[in-house]
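Report on the structure
Below, each chain spelled out in residue letters.
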Amino acid sequence: MQSYSFMSLVRHALRGNTGWRPAWRDPQLKPSYDVVILGGGGHGLATAYYLAKNHGITNVAVLEKGWIGGGNSGRNTTVVRSDYMFSESAAMYDLALRLYEGAARDLNFNIMLSQRGYMTLIHSQHMLEAAQHKVNWLACNGIDSEIISRERVQRMVPLLNMSRNPVLGAFLQRRGGTIRHDAVVWGFARGASARGVDIVQNCEVLGFEKSGNRIAAIETSRGRVACGTVGMAVAGHSSVLADMAGFRLPVTSHCLQAMVSEPIRPVLDHMVMSPGTGVYINQTQKGELVMGSVLDLYHSYAQRGTFLTIEKTITSVVEMFPVFAQTRLMRHWSGIVDVVPDSSPILGPTPIDNLYINCGWGTGGFKAIPAGGTLLAHSLATGRPHPLAQRFGLDRFRSNRLVDEGAASGIAH
Ligand SMILES: Cc1cc2nc3c(=O)[nH]c(=O)nc-3n(C[C@H](O)[C@H](O)[C@H](O)COP(=O)(O)OP(=O)(O)OC[C@H]3O[C@@H](n4cnc5c(N)ncnc54)[C@H](O)[C@@H]3O)c2cc1C
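Everything quoted here is computed from the prediction, not taken from an experiment. Once a new chain begins, its residue numbering starts again from 1 and follows that chain's sequence as written. Owing to the predicted nature of the model, reporting of local features is limited to residues with pLDDT of at least 70; listing and counting of side-chain atom pairs is limited to 80 or more, with chain, interface and lining totals taken over all residues. Working from all heavy atoms in the structure, the side-chain values ignore hydrogens and water.

**What about the side chain of His12?**
Strands here are runs of E lasting at least two residues and helices are runs of H or I lasting at least four, both read from the DSSP assignment and numbered beginning at the N terminus. Note that His12 resides in helix 1 (residues 6–14). When sequence neighbours within four positions are dropped, the list of residues in contact with His12 reads Gln2, Asn17, Gly19 and Trp20. Contacts are residue-level and defined by heavy atoms, with any inter-residue pair within 4.5 Å sufficient.

Following this line, the structure appears as structure tokens:
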């Protein structure tokens, strides 16, 4: 792997930038692998990376039906934070945030982590009490957060309309912020490829060849591939592939939309979320306003949402920031997210002996990519769930021991 550094930038610039090699290899699919990972999103690629790095397993393929990051990992609004309620969730999401904090060095790739602070506005006395409760709860789990006053919010976000939806203050996680989503995908792909993992794009999984209760081989649009163990991280298509393998998942697929404005001068330093309007917004380094809100509430596999959601999002943004009415919307898009009843991921074993799963992140799995990869890699390498993944097994839907993070995940990502 060629190293990225200030000196290498200078050297390449002096040679007219003609000597850069591709960041990852473009290999042919081999007839068999020890581990095959389905889905070339952030979770699949991070799994491959940590399998190689933490467990020394490199005879691995990642199969992606389109291009890497072409699913939700390249379509999300890039918000990261770890303010989840239950101790199991807090431990997992904070592991992800800590791994993200070290990822640029670990991957030798600038993922553009910007810990600009994640702010949830407080609109009522009831929300204030709930936020105080949450801050205390997070402190018990070792997670930083605080409540800031109305005056502080006004100073930090001067363009915010404080009276339309009255703002009493805000919940703030300072370590929260944003990360460039493509960079996460490319960084993990580059790191995995350099360690010997084959990343095979335009390779759709079409079916499974079983031997007893194991997957012996995978049928793909590029031919058959035999496998030792299989990891599945296909987000909005999890129930489709589970159906192919012969079991059911409590997952439904929904469109989730996002949109960006034309670039404007820097006016918004923080990530702001309003439960009152259901909208969240931040400004990218390029100056675009990134906006998102609720799920489209019908099931769909179309990566295309409704105008109703766009209208609702824009109306709410203009209520919060009347001055943004002057900016133009540049583009909008949608991904297909995998929603489960308790808004917590499903990690670990499945009813098929050699198939392990990572799905159910719904609207909030980007922030969890390094943890999701670490935990799935552990299961694939050892056959056992990672201690941090114990509570997120598929079996919790039988025992009804759910980890209900609906309030923490919801629309807030
Ligand atoms: C608009 C939007 C905004 C979001 N905002 C945030 C946010 O701010 N913060 C946050 O934490 N999360 C956010 N999310 C959620 C987050 O993007 C996802 O939870 C996360 O990216 C899931 O990663 P993944 O690797 O599991 O899935 P994906 O990135 O979707 O990757 C799955 C891959 O599997 C591939 N695949 C599917 N079927 C097959 C097949 N048959 N064969 C081979 N490959 C297949 C797909 O092509 C896809 O590339 C958002 C999502 C959307 C859509």
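Here the narrative resumes, following the displayed structure.
**Describing the packing of helix 3 (residues 87–107) against helix 9 (residues 369–382)**
Put simply, helix 3 and helix 9 touch, their axes get as near as 7 Å, and they point 110° apart. Taken together, the axis directions place helix 3 and helix 9 in an arrangement best described as roughly perpendicular. In this structure, helix 3 contributes Met92, Leu95, Ala96, Leu99 and Tyr100 to the contact, and helix 9 contributes Ile369, Pro370, Ala371, Thr374 and Leu375. Its residues assigned to classes, the contact of helix 3 with helix 9 comprises nine nonpolar, one polar and no charged. To get an axis, a line is fitted to the C-alpha atoms, and for a helix only the part in contact is used. The angle between two axes follows their N-to-C directions and goes from 0 to 180 degrees. Here is the rule for angles: anything less than 35 degrees is roughly parallel, anything more than 145 is roughly antiparallel, 65 through 115 is roughly perpendicular, and the remaining ranges are oblique. Amino acid classes used here: Ala, Val, Leu, Ile, Met, Phe, Trp, Tyr, Cys and Pro are nonpolar; Asp, Glu, Lys and Arg are charged; the rest, including Gly, are polar.

**A closer look at the site of the ligand**
The environment of the ligand is made up of 38 residues, and the closest members are Glu64, Asn72, Ser73, Thr77 and Lys367. N or O atoms closer than or at 3.5 Å make up a polar contact, with two conditions inside protein: a donor-capable atom paired with an acceptor-capable one, and, for residues adjacent in sequence, both atoms drawn from side chains. A distance of 2.9 Å separates a nitrogen atom of the ligand from a polar backbone atom of Val205. At a separation of 3.2 Å, an oxygen atom of the ligand approaches a polar backbone atom of Gly364. For the area figures, the Shrake-Rupley method with a 1.4 Å probe applies, and any residue is considered shielded solely by the protein chains shown. When isolated, the ligand has an accessible area of 1,000 Å², and the protein chains bury 97% of it. Residue assignment for the shell around the ligand shows that the elements contributing at least two residues are helix 2 (42–55), strand 12 (252–261) and strand 16 (329–339). Here the shell around the ligand takes three residues from strand 12, the largest share from any one element. Its residues assigned to classes, the shell around the ligand comprises 14 nonpolar, 19 polar and five charged. How far each domain reaches was decided by an automatic or database domain assignment. In this structure, the shell around the ligand is formed jointly by two domains, domain 1 (27–108 + 181–251 + 342–409) and domain 2 (118–177 + 253–339), each of which donates at least three residues. Residues are classed as near a molecule or strand on a simple rule: at least one heavy atom within 4 Å of it.

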